[in-house]
Amino acid sequence: MKNIEPANNDIKMIHRMTVIKRVIHWALFLALINNIITGFYIAYPFLMFGKSPIQAYSPSIGVLSTGETYQAFIMAYVRYFHFIGAIVIDVAFFVWLYLAFFSLKEPLYKSFMPFGDKMNEAFRMLKHYFTLKNKPETTRYQDPFNAIIFTFFHVLIFLQMVTGFQMYVSSFTGTSVIGGWWPWFMHFTTDWTLFVFGGLTGVTLAHLFIMWIIMIFIIYHIYTEVWRSVMWKEGDILIPFGGYKYTKNNIEAE
Ligand code: HEM
């Protein structure tokens, strides 16, 4: 009887995402979902009920005059959760930025340089998406096309952070419970957004508009990662869970 070798004996497992990157990935996932939901509420507070202590003695009636006093603070709770989410997103952003340059295992420059070979490789991936031909080789690093998309995503996160802090500090009176340095620091780092977006209304609109682009990124990203897993059969979807994927290319496994 012929000894049939298994067809997949040349499949290798390669390491693609460190533990810290995986923690960042899922922290971002949870915090962004939280901030999209709470952000929609802050922009359009459709659930308004409960009496604040002042309204309890007011002759005016309407949605605000029903319910219990503690329910009047629903906006305060929603903003609280929005700020907690923002802290998670901002910390994740700075850890990502640090690792982009100083990660020992997968610094961003291994995948992304906005010129030369890397741009050609990114273009080859885009071509493959449209033609389904000539799949670029899998390597130990993110492919340059994904790296460009992920970098763009982090630029959006940065803009959300500075526009968010600008809206936050605009309600301060010049000091805070932790001292005057905190509002000063927020003004110092984010006042330029007033100039770029044409005042506080522009900053608010930019914050809302960027949220929509981030939502488009999330849909695109999940779609392409599922697409890659189905079309390439290399288990790409496993990367943010176990840190590994498979490859048939002859590269050094780790
Ligand atoms: C709010 C939702 C999500 C956001 C914002 C997000 C964001 C990101 C970012 C920024 C990266 C690059 C990480 C790096 O810098 O190394 C990444 C990688 C990745 N994500 Fe997500 N992600 C989300 C949800 C998901 C989901 C639900 C899946 C599928 C289970 C997924 C699968 C992947 C995979 C497979 C990679 C690695 C791609 C590669 O290295 O080739 N993501 N994600």
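We now turn to the structure provided with this report. As the structure is a computational prediction, the values presented were derived from the model and not from experiment. (Residues numbered from 1 in each chain as written. Predicted model: local features only at pLDDT ≥ 70, side-chain atom pairs only at ≥ 80, totals over all residues.)

Some thoughts on the site of the ligand
- Lining the immediate environment of the ligand, one finds 19 residues, of which Phe29, Gln142, Phe150, Glu225 and Ile239 sit closest.
- Mapped by element, the contributors of at least two residues to the shell around the ligand are α1 (19-43), α5 (144-169), α8 (200-232) and α9 (239-242).
- The greatest single-element share of the shell around the ligand, amounting to five residues, is contributed by α1.
- Considering only residue class, the shell around the ligand consists of 11 nonpolar, four polar and four charged. (Near = placed C-beta within 6 Å. Helix = DSSP H or I, 4+ residues; strand = E, 2+ residues; numbered from the N terminus. Nonpolar A, V, L, I, M, F, W, Y, C, P; charged D, E, K, R; others polar.)

Topic: the environment of Trp96
- As for its position among the elements, Trp96 is in helix α3 (residues 74-102).
- The class of Trp96 is buried, set by 21 C-beta atoms lying within 10 Å.
- In this structure, the C-alpha to C-alpha distance between Trp96 and Leu108, residues 12 residues apart in sequence, is 9.5 Å.
- If we ignore the near neighbours within four places in the chain, the residues touching Trp96 are Ile24 and His154. (Buried ≥ 20, exposed ≤ 12 C-beta atoms within 10 Å, placed from the backbone. Contact = placed C-beta atoms within 7 Å.)

Here's the deal with the nonpolar core
- Counting residues in each nonpolar core, the largest one holds eight residues, listed as Ile24, Leu28, Ala31, Leu32, Ala86, Ile89, Ala92 and Trp96.
- Put simply, the parts of the chain that give this core at least two residues each are α1 and α3. (Core = buried A, V, L, I, M, F, W, Y, C linked by C-beta atoms within 7 Å.)

Some details on the packing of α5 against α8
- Contact geometry of α5 with α8 gives a least axis separation of 9 Å together with a crossing angle of 150 degrees. Relative to α8, the element α5 is oriented roughly antiparallel. In terms of crossing hand, the pair formed by α5 and α8 is left-handed. Packed against α5, whose contacting residues are Phe153, Leu156, Leu159, Gln160, Thr163, Gly164, Gln166 and Met167, the element α8 presents Val203, Thr204, Ala206, His207, Ile210, Ile213, Ile214 and Phe217 at the interface. (Axes fitted to C-alpha atoms, helices over the stretch in contact; angles between N-to-C directions. Parallel < 35°, antiparallel > 145°, perpendicular 65-115°, else oblique. Left-handed = near helix turned anticlockwise from the far one by under 90°.)

Some remarks on the environment of Thr193
- Position of Thr193 relative to the elements: it lies in helix α7 (residues 192-197).
- Sequence-wise, Thr193 and Gln166 are 27 residues apart; in three dimensions their C-alpha atoms are separated by 7.4 Å.
- Apart from residues lying up to four places away in sequence, Thr193 is in contact with Val162, Thr163, Gln166 and Val203.

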